[in-house]
Amino acid sequence: MEISNGAISIDTEAIKYAILNSPHDNTPGLFNGELGKSLFCLNDFRSSADKKSLEYAVSGLNSSINLFDSSRNKELLLSLIDGLPGLRYTLNSFKTLDIFDSNDLENDIDSWLLHELANTSEVYDLIGYDLLYGLIGIGNVYLVMPPSKERDQIIESICQILEKKAIHNRGEYVWEEKFGYGLQPFNLGMAHGMLAIISFLSKVVRLSVSFYKYEQMLRGIVRWYLANENPIEFNSRFPCTVNGIGFSENRTNRLAWCYGDLSSSIALLQAGVTLNEPILVSKSLSICNSTLFRRDIKKEVDSDGESTYDCGICHGLAGITYSYLYLRNYFRTKTINEAYKFWHQQLLDRSIDTGNQTHAGCFKIERFHDQPNKPHPKLSLLEGASGVGLVHHAALNPLSSSALNPLFV
């Protein structure tokens with residue numbers, strides 16, 4: 001199966017058309033608001049040198065800065081999905097263009113986050129370890145910042161909170177998810193669970209010798225995670241959530257970024273590389289290979305409702321595509337490459353006519369009350385067109401993956 005770069009480019013241009021012709025959002029967030037569109041346009045400018053993309057990116061960033069309000073709910077301000085960490089990440093992404101001086105704003109964000117992270121119990125109880133809403137999202141942002149005292153202090157603070165709040169027994173480490181994203185208290189997903197911590201700690205330990213001390217915590221969570229693998233008769237290798245003795249009422253996982261075996265493969269690959277453990281890298285490959293038979297979109301929809309029809313990154317086709325692209329770029333196997341091409345083609349095939357242009361990614365499937373599921377235009381990064389466009393850019397130019405990797409893997 002071949003996938004046409006021309007088709008990807010056409011869809012990327014259509015997404016750009018939709019974004020450039022949209023008004024700025026009245027929400028500033030990176031994943032749900034204006035900053036996501038700004039990041040896409042910045043990345044598009046770097047690929048195409050289209051000045052209209054740059055103009056929109058800059059005006060979107062300025063619009064978002066003006067929308068952030070220090071009186072907003074602290075929980076939102078601390079989150080990657082809607083808060084100041086997303087703004088900090090976007091400001092850093094603009095650095096190489098030297099368009100405007102954001103040093104004072106960046107220093108203010110760093111100081112505020114350091115102050116909040118010093119309140120260990122309060123901040124953990126408020127946002128937990130969550131990637132989208134909590135500590136791991138903040139940590140992922142600062143892992144890609146240039147070396148500085150503030151960067152290291154923020155990462156160190158997050159690791160100390162995780163260490164203090166961990167439940168550990170016989171060398172295993174685990175954290176309880178308190179906000180009800182699953183049926184049991186221990187979440188095995190990437191968006192809200194243990195996989196995010198595995199990926200984060202893997203990157204932390206690689207960052208510098210001063211963080212080698214957290215290797216034991218990384219080994220402990222990997223040990224716990226592997227101990228909760230599903231029995232062989234299940235299609236999914238890991239459940240969504242488990243209780244304290246490994247029981248789960250939701251062992252069947254979707255094929256998606258937010259939960260599922262693809263993210264398990266990515267996180268265990270990260271850990272295997274960091275710990276120099278070939279057996280973990282082999283485990284990652286085995287998990288990825290076990291997903292390859294799931295190249296049946298109807299079956300995925302039947303098991304996961306309509307949400308697999310979404311184009312976005314979180315639980316939709318772009319997230320599946322990007323996961324396979326990441327794993328293919330490491331393992332370089334023909335079978336993973338074929339899976340990547342299959343799912344990227346599914347993403348392109350999900351084009352709809354929004355009234356202006358036919359293109360994938362500008363919608364998500366939503367149900368309102370008892371009405372049938374319908375597509376609704378969405379331009380955001382996590383669930384909509386900006387994220388799809390960034391996945392397209394990553395496929396066309398490996399350097400473009402630098403915009404997404406820190407956020408999602």
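Small disclaimer: the values here were computed from a predicted structure and weren't measured. (Residues numbered from 1 in each chain as written. Predicted model: local features only at pLDDT ≥ 70, side-chain atom pairs only at ≥ 80, totals over all residues. Heavy atoms only, no water.)

**Re the nonpolar core**
Membership of the largest hydrophobic core comes to 129 residues, with the highest contact counts inside it found for Phe31, Trp175, Phe200 and Tyr324. Excluding anything up to four places from it in sequence, Tyr324 contacts Leu255, Leu262, Cys288, Thr291, Leu292, Ile336, Ala339, Tyr340 and Trp343. (Core = buried A, V, L, I, M, F, W, Y, C linked by side-chain atoms within 4.5 Å. Buried < 20%, exposed > 50% of the residue type's maximum accessible area, 1.4 Å probe, protein only. Contact = heavy atoms within 4.5 Å.)

**Looking at empty space enclosed by the protein**
On inspection of all chains with the given rule, the structure shows one cavity of 30 Å³ or more. In this structure, the largest cavity occupies an estimated 50 Å³ of space. Lining the largest cavity are Tyr124, Ile127, Gly128, Tyr129, Asp130, Glu176, Glu177, Lys178, Phe179 and His192. Looking at side-chain class alone, the lining of the largest cavity contains four nonpolar, two polar and four charged residues. (1 Å grid on protein atoms, 1.4 Å probe; cavity = no way out; pocket = protein on both sides within 12 Å on 5 of 7 lines; lining within 4 Å. Points joined across faces, edges and corners; volume = space filled by probe spheres on them. Nonpolar A, V, L, I, M, F, W, Y, C, P; charged D, E, K, R; others polar.)

**Some thoughts on the layout of surface pockets**
Its volume calculated, the largest pocket comes out at about 290 Å³. Around the largest pocket, the lining is made up of 16 residues, and of these Asn43, Arg46, Ser93, Ser402 and Ala403 lie nearest the centre. Secondary-structure elements contributing two or more residues to the lining of the largest pocket are helix H2 (34–48) and helix H5 (84–93). A total of five residues in the lining of the largest pocket trace back to one element, the largest contributor, which is H2. Its residues assigned to classes, the lining of the largest pocket comprises seven nonpolar, eight polar and one charged. (Helix = DSSP H or I, 4+ residues; strand = E, 2+ residues; numbered from the N terminus.)

**Describing the pattern of salt bridges**
Across all of its chains, the model carries 19 salt bridges by this definition. For the salt bridge of Lys16 with Asp44, the shortest nitrogen-to-oxygen distance reads 3.1 Å. Taken together, the residues Lys16 in helix H1 (residues 5–20) and Asp44 in helix H2 connect sequence positions 28 residues apart. Accessibility classification places Lys16 together with Asp44 in one group, the buried group. Between Lys178 and Asp125 there is a salt bridge, with its nearest N and O atoms 3.3 Å apart. One end of the pair, Lys178, is in the loop between strand S2 (172–174) and strand S3 (186–187); the other, Asp125, is in helix H7 (residues 120–127), and 53 residues separate them in sequence. The exposure class of Asp125 is partly exposed, given its relative accessible area of 41%. (Salt bridge = Lys/Arg side-chain N within 4 Å of Asp/Glu carboxyl O.)

**As for the packing of aromatic side chains**
Inspection of the entire model under this criterion finds nine aromatic pairs. Ring geometry for Tyr330 and Phe331: centres 5.1 Å apart, planes at 85 degrees, overall edge-to-face. Given a relative accessible area of 14%, Phe331 falls into the buried group. Feature note: the residues Phe186, Trp224, Tyr225 and Phe238 constitute an aromatic cluster, connected by ring pairs. (Phe/Tyr/Trp six-rings, centres within 6.5 Å; stacked < 30°, edge-to-face > 60°.)

**Things to note about the side chain of Arg151**
The residue Arg151 is located in helix H9 (residues 149–165) in this model. Exposure remark for Arg151: the relative accessible area of 8% places this residue in the buried category. Side-chain polar atoms of Arg151 contact the backbone oxygen of Met145, separated by 3.3 Å. With sequence-adjacent residues up to four places away left out, Arg151 is seen in contact with Tyr142, Met145, Pro146 and Leu207. (Polar contact = N/O pair within 3.5 Å; in protein donor to acceptor, adjacent residues only side chain to side chain.)

**Quick word on the packing of H1 against H2**
Orientation of H1 relative to H2, taken along the N-to-C sense of each, is 130 degrees, at an axis distance of 11 Å. Between H1 and H2, the crossing angle belongs to the class labelled oblique. For the pair H1 and H2, the sense of crossing is left-handed. Every residue of H2 that contacts H1 at Thr12, Glu13, Ile15, Lys16, Ile19 and Leu20 is listed here: Lys37, Phe40, Cys41, Asp44 and Ser48. Along the lines of polarity and charge, the residues of the contact of H1 with H2 split into five nonpolar, two polar and four charged. (Axes fitted to C-alpha atoms, helices over the stretch in contact; angles between N-to-C directions. Parallel < 35°, antiparallel > 145°, perpendicular 65-115°, else oblique. Left-handed = near helix turned anticlockwise from the far one by under 90°.)

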